[in-house]
Amino acid sequence: MAGQLTPDTTAPSASPVTPGRRTARTPVRVLARVGTVLLKRAVLLALLLALVFGTVEMLPGDAATATGERGESAADLAARRELLGLDRPVLERFRDWMTGLPTGDLGTSARGEKVTDLLSTAFPNTLLLGGIALLLTALVSLALGCWAALRPAGRLDRAVSGTATAVLALPEFVVAVALVLVLSLWTGWLPAVTLTGADGTPASWDMLVLPALALTIPQAGWNIRIVRAALADEARAPHVETAVLDGLPPHRVLTHHVLPGALPAIAAGLATSTGMLLGGAVVVETIFNYPGIGSVLASAVTDRDSPVIAGVTALSGAVITGVLLLADLVRDTVTGARR
Amino acid sequence: MSIRTALRITPALLLLGLALAGPWIAPHAVDAPVTAPYAEPGSAAVLGGDQLGRDVLSRLLAGGRDLVLSSLLVAVLVTGTAAVLGAIGAVRPIVGRLVERTADVLMLLPAVLGILLVTLSWPGGGRFAVIAAAVVLGVPYAVRLAASAASPVAATGYVEAAAAGGERLWYLVVREILPNLRATLLALFGLRFVAAVYLVATAGFLQVGPQPPAADWALMIRENSSGILLNPWSVVAPGIAIGLLALSVNLAAATLAPQTGRKAVTVL
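Residues numbered from 1 in each chain as written. Chains lettered and ligands numbered in written order. Predicted model: local features only at pLDDT ≥ 70, side-chain atom pairs only at ≥ 80, totals over all residues. Heavy atoms only, no water.

**Quick look at the overall build of chain B**
When you go through chain B residue by residue, the secondary structure sums to eleven helices and zero strands. Secondary structure elements of chain B, listed N to C terminal, follow the sequence α-α-α-α-α-α-α-α-α-α-α. Taken along its principal axes, the extent of the C-alpha atoms in chain B is 75 × 50 × 30 Å. In chain B, buried positions account for 52% of the 268 residues. Looking at chain B alone, contacts between residues at least 24 apart form 70% of all its contacts between residues at least 6 apart. For chain B, the accessible surface area stands at approximately 11,500 Å², while carbon and sulfur atoms represent 67% of it. Each charge sign in chain B was given a centre, from 17 positive and 12 negative side chains, and these centres are 10 Å apart. (Helix = DSSP H or I, 4+ residues; strand = E, 2+ residues; numbered from the N terminus. Buried < 20%, exposed > 50% of the residue type's maximum accessible area, 1.4 Å probe, protein only. Contact = heavy atoms within 4.5 Å. Areas by Shrake-Rupley, 256 points an atom, 1.4 Å probe, with all protein chains shown as cover. Lys, Arg positive; Asp, Glu negative; His and termini not counted. Charge placed at Lys NZ, Arg CZ, Asp CG, Glu CD.)

Structure, rendered in structure tokens:
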């Protein structure tokens, strides 16, 4: 059975300690390393933005035709196209869009509004919801993953892993409907819809509970498995074997010897979850009427407004890049410390 | 196949069969009102009526086929593409690196946003746009698994011998490598089917896939959520259907997966 906190002498060493390259960690080297990671992530983000812009351009239909009224003349259509700048060459518009991004200009929606204005209150609200869900996911998956790892192959381990596997496949909107039904309509404990206060944020904290739970449950299922697998992998390392033979209590072996080595894999798993959380937030916000990008996207769906979607995708891509960068740095710190 | 394996696959097969055969055994037409809007369950409709008084049970039976068929199509296309790309990448490292870089970029695009982006930029695409987007977004994740399974096979003596003997790339991929990946590809297919159910259902819920008169589980949840207090079954029944489909297929996929157990496999 995979994943025991006892040393497995037959398995080859799975330690991440890389032989050679025992150079001192001078500040210059650290800076160079951070710079390379930053540059790589920036290039990937730029490529994604090009891809997003290209998708919107290549596929048939544009913002002008999408918002067109029935029976509109070709001249009106051409006029609105000119107004939205759609008659200019693709490369020129792409350059404008890309150079506008760093200054916070995400282009113009099909209805002629600045995409930045549409998203300026909505996106922070979504980040708040997604941030809470990510934090909850991290806490729940670390706690349950470690708890299960302390009793490998036991009944508890099987129960936690089984439940995790079961919930990770559930779409967020199914979880959300179940939560609304049980925690709101039947028991009346929590509000089923989010009311928006005067400043554009949710009116009270308890309105965040159900949306955050609906996002957390599938992601926690997913991350518990990652935590469990990473701990099991790390438990085979020689230094863990030594710690166990030294007679250290299991929880100390876990916190001081297994967990640090497993952190890069856990951080990478949580970083991957960020994209799922942002995508899921769009769905969950629609159900709870939460004032985030979900509601903006819902009206964009009716308007067939792809510039708005492109803007949201660009912002999400930037957030995910940032979180992946953090995961990169966790990995570098952990493997660097071992060197 | 052991009895235990068979038992774990049976629920998924039964549910898939029911979803596929559902439209033929539905007692009422899916688009004709038979009760009052949001009528409670009664003799006319076992699960009550929906927001237009249509029979929830009939719509439930009819609403799964397109979801299942679309998801199957996505899973087949993703698994097939990933298998071929992974095998080519194992023989030709340049292709492998290119595929990996593309996957890195697409990782930054949340799948739900990607689906919205494609379906909205392609208004006439309908269900086909959802399927196309789900395939494009699924391949990067699947390629990693296929490639990691293909590279040890490509390094074996007989494949190297065949390559040295001047066999063409296509022959190496189709005749030498892919047949050895059967177990991995079967597991990959299961996982991609789970992921496809998630994406196709979510697209339905966001109303970019099937359009309103159609019976579709995800769409039913969206349409009837305002009447959840009057007739909870109009929302709960399709919710349970999607939940059971995801759970049972996931259980079957986990059972069929080769028991290496060490590496967690990315599902979505």
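Past the structure itself, the notes keep going.
**Observations concerning the UniProt feature "transmembrane region" (unreviewed entry) in chain B**
When the UniProt feature table is mapped onto this chain numbering, "transmembrane region" (unreviewed entry) sits at residues 67–91, 103–122, 128–147, 185–208 and 228–253 of chain B. Structurally, residues 128–147 of chain B is divided into 100% helix and 0% strand, and its ends, taken at the C-alpha atoms, are 28 Å apart. (UniProt positions renumbered as here; feature names shortened; annotations may be inferred.)

**Things to note about the packing of aromatic side chains**
Across all of its chains, the model carries two aromatic pairs over all chains by this definition. Judged by centre distance (4.6 Å) and plane angle (15°), the rings of Phe173 of chain A and Phe205 of chain B are stacked. Of this pair, Phe173 of chain A sits in helix α8 (residues 172–186) while Phe205 of chain B sits in helix α9 (residues 182–205), which puts the two residues in different chains. Phe205 of chain B carries the same exposure label as Phe173 of chain A, and that label is buried. (Phe/Tyr/Trp six-rings, centres within 6.5 Å; stacked < 30°, edge-to-face > 60°.)

**Re the UniProt feature "domain: ABC transmembrane type-1" (unreviewed entry) in chain B**
Under the feature "domain: ABC transmembrane type-1" (unreviewed entry), the UniProt entry names residues 68–253 of chain B. Here residues 68–253 of chain B is 80% helix and 0% strand, with 15 Å between the C-alpha atoms at its ends.

**Quick look at the packing of helix α7 (residues 157–164) of chain B against helix α8 (residues 169–177) of chain B**
All names here are of chain B. Contact pair α7 / α8: the axes reach a minimum separation of 11 Å and the direction vectors enclose 155°. The angle between the axes of α7 and α8 places the two elements in the roughly antiparallel class. The interaxial crossing formed by α7 with α8 has right-handed handedness. Contacts between α7 and α8 pair Tyr158, Val159, Ala162 and Ala163 from the former with Leu172, Glu176 and Ile177 from the latter. Each residue belonging to the contact of α7 with α8 can be placed in one class, and the counts come to six nonpolar, no polar and one charged. (Axes fitted to C-alpha atoms, helices over the stretch in contact; angles between N-to-C directions. Parallel < 35°, antiparallel > 145°, perpendicular 65-115°, else oblique. Left-handed = near helix turned anticlockwise from the far one by under 90°. Nonpolar A, V, L, I, M, F, W, Y, C, P; charged D, E, K, R; others polar.)

**A word on the nonpolar core**
Core analysis: the biggest nonpolar cluster contains 139 residues, and Phe173 of chain A together with Ile115, Leu116, Ile177, Trp217 and Leu245 of chain B have the highest contact counts within it. Top element by residues in this core is helix α6 (residues 126–154) of chain B. It accounts for 15 residues. Not counting residues up to four positions away in its chain, the partners in contact with Ile177 of chain B are Ala87, Val91, Ala150, Val153, Ala154, Val159 and Leu172 of chain B. Formed by 16 residues, the second largest nonpolar core is a distinct cluster that contains Val227, Ala230, Val258 and Leu259 of chain A. (Core = buried A, V, L, I, M, F, W, Y, C linked by side-chain atoms within 4.5 Å.)

**A look at the pattern of salt bridges**
All names here are of chain A. A complete count under the given rule lists nine salt bridges over all chains for this structure. Between Asp328 and Arg41 there is a salt bridge, with its nearest N and O atoms 3.0 Å apart. Placement of Asp328 in helix α13 (residues 306–338) and of Arg41 in helix α1 (residues 27–58) is noted, with a sequence separation of 287 residues between them. With respect to burial, Asp328 and Arg41 carry one shared label: buried. If you follow the salt bridges from partner to partner, you end up with Arg41, Asp328 and Arg331 in one network. (Salt bridge = Lys/Arg side-chain N within 4 Å of Asp/Glu carboxyl O.)

**Let's talk about the side chain of Thr126 of chain A**
All names here are of chain A. Mapped onto the secondary structure, Thr126 falls in helix α6 (residues 122–150). The exposure class of Thr126 is buried, given its relative accessible area of 0%. The residues contacting Thr126, other than those within four sequence positions of it, are Leu278, Ala281, Glu285, Tyr290, Gly292 and Ile293.

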